[in-house]
Amino acid sequence: MANRILTILQTIFLLQSLVLGYQVELSGESVYSYSYKSQQYFIFIKDLEAKIYCTVNDVSGVPKLAFLKEGAPLSASLPASVYEVSTNKLSDSSYRLILKIGANYTGGFTNIAGNWACTVEDGDTPLTAKSFKTRGYNEVQLSFEPALNNGVAKAGTTITLRCNCPFEQDFPDVATWNWFLNDATPLGYRFDFIDPTTRKTKSTMVISDIGEMDDGEYFCSCGINEIKYNSNRVKMNVMEPPYIKVKVVLVNKTMDSLDLEFELPERTGLITQYKVVYKAKGSITPLEILTPSNIPRVTLTGLQPLTTYEIKVAPVNNAGSGQFSDVVGLETGQPSESPPSIVLPKLLTQKAGVFLVDTTVGQNVNLTCEVNSYPDPIVKWYFEDEEVALNPNSISGAIPRNYEHAISSRNRFNMVNILMIRSASRRNQGRYRCEATNTKGNSVLEISMEVVGDNNESEANRSSAGHHFSGVVLIGVLAAYVLVYRPAS
């Protein structure tokens, strides 16, 4: 609708200018100005204060001049702080309307770009107008593929530079491009046909086997006719990865850590970090870490005691990784000898030092005793002070026979000992004791279990379950907690 209004106003102006004889001229300052297909264009330049002049010559009196945007007063679409309009008298028959757009406008060019008109009213002469279009300075984007790593490209590789320049619908179908390095003579010049659908085009430059001569600041320019748009500037440093081979040296160890240093040759080149790859001997999947700086030292933590780790190290900079060191095998330390320590169950209620388990007749129950110990412990279960032997045939008549026993280990110094009770009956009710013993002493965990219900119900459950330990309900299962040992001082 706004375009139709401007077209009608412009047509009226052309007819009236033939009759009245006055003329309207459009010009600008600190803007690109050109004509294309009888349409006047002004392109605002980033960070420059722009001025557009609407000059009327050969008027008979004092004309009324105004700028419109999209057929409406400027205040309808622009903040008052963005623009300033003033009128100058050039002579008795010439006047100039000045539109000034401030350089500090932070709203970008979205609200400035569009369809404009300079309107003129001279005495009793009907309103006339001359239209023009404005745009913001094109943001031409330069990118690198693959992307630079903190501004660094690896020497000897191939890199592709892409320059992207969008155009409006009414711009020509051909763009010109130039590539620059350090503001020197253009590296290349070419024509690109603009995609008729997206109205975008890209210019591409490929640099193979890059080296020191390719170091520098790049930018590209695209344009139409005499208007050129420069892209952002990107500085590329061409760099070799570190060429040295370090030597890994053990400085200190504990049962769960290795403190390492890297011996370097006299000449190293630029190193920003170190890549450390390690795994327990016999393990398939290695772990990898990057040191936070170029200090040639690292401490590997969270390791298993008395375990050999295979380790290799490579120096790193922004161009990539250098050569890995020879693989070294280093063993962690052992914990100090001490009495066993039983991990207290956090999921059970405790009363007077005894942990309580409640279950019902027919349910399966796991009683868990987790022990951290060095030297290795011997773990036994007792029911009412009588040992629950691993062999059911050795259990006396006072001990129920529906027990099973399992042992698992989280590492060589941690043992999880489980007493499994199949289809609990009232005979299983009572006090249980887990006792762990090594050459340095012993530790005890006491659990009191109460079984509620009728034993007949237990018999029915065993019949339906076929005497199979289903593990559907696990009462008294303890969470796994690892006690960290420290070596003896």
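Residues numbered from 1 in each chain as written. Predicted model: local features only at pLDDT ≥ 70, side-chain atom pairs only at ≥ 80, totals over all residues. Heavy atoms only, no water.

J.: Explain the confidence of the model for the protein chain to me, please; I cannot follow it from the model alone.
T.: Predicted coordinates in areas of low pLDDT are best not read in detail. Here the protein chain averages 78 in pLDDT, while 75% of its residues score no lower than 70. pLDDT under 50 marks residues 460-489. Its contacts with residues more than four places away, or in other chains, come to 67 contacts. (pLDDT = per-residue confidence, 0-100. Contact = heavy atoms within 4.5 Å.)

J.: What am I meant to see in the side chain of arginine 433 here?
T.: Relative to the assigned elements, arginine 433 resides in strand E36 (residues 430-438). Owing to a relative accessible area of 17%, arginine 433 belongs among the buried residues under this scheme. Reaching out from arginine 433, the side chain makes a polar contact with the side chain of aspartate 385 at a distance of 2.9 Å. Residue contacts for arginine 433: discarding those within four places in its chain leaves Lys380, Trp381, Tyr382, Asp385, Val444, Leu445 and Glu446. (Helix = DSSP H or I, 4+ residues; strand = E, 2+ residues; numbered from the N terminus. Buried < 20%, exposed > 50% of the residue type's maximum accessible area, 1.4 Å probe, protein only. Polar contact = N/O pair within 3.5 Å; in protein donor to acceptor, adjacent residues only side chain to side chain.)

J.: How should the state of the cysteines be read in this particular structure?
T.: Here a disulfide denotes a covalent bond joining the sulfur atom of one cysteine to the sulfur atom of another. Under the counting rule described, the total for this entry stands at three disulfides. Two residues share a disulfide in this structure: cysteine 163 and cysteine 220, whose sulfurs sit 1.6 Å from each other. Every disulfide takes its handedness from the sign of the S-S torsion; for cysteine 163 and cysteine 220 that torsion is 70°, giving right-handed. Placement of cysteine 163 in strand E13 (residues 159-166) and of cysteine 220 in strand E17 (residues 216-224) is noted, with a sequence separation of 57 residues between them. Each member of the pair, cysteine 163 as well as cysteine 220, is classed as buried. Between the sulfur atoms of cysteine 369 and its disulfide partner cysteine 434 the distance amounts to 2.1 Å. (Disulfide = S-S within 2.5 Å.)

J.: Just to check I follow, could you spell out the sheet that holds strand E20 (residues 247-254) for this structure?
T.: Whenever strands of a sheet pair, they do so through backbone hydrogen bonds, lying parallel or antiparallel. Within the open sheet, the three strands sit side by side as E20-E21-E24. Their pairing is antiparallel. Every interior strand has two partners, whereas the edge strands, E20 and strand E24 (297-300), have only one. With direction set aside, neighbouring strand axes in the sheet form an average angle of 25°. In this structure, E20 lies alongside strand E21 (residues 257-263), joined through seven bridges in antiparallel fashion. When the sheet's bridge partners are listed, valine 248 is paired in E21 with phenylalanine 262. (Pairing = 2+ DSSP bridges. Axes fitted to C-alpha atoms, helices over the stretch in contact; angles between N-to-C directions.)

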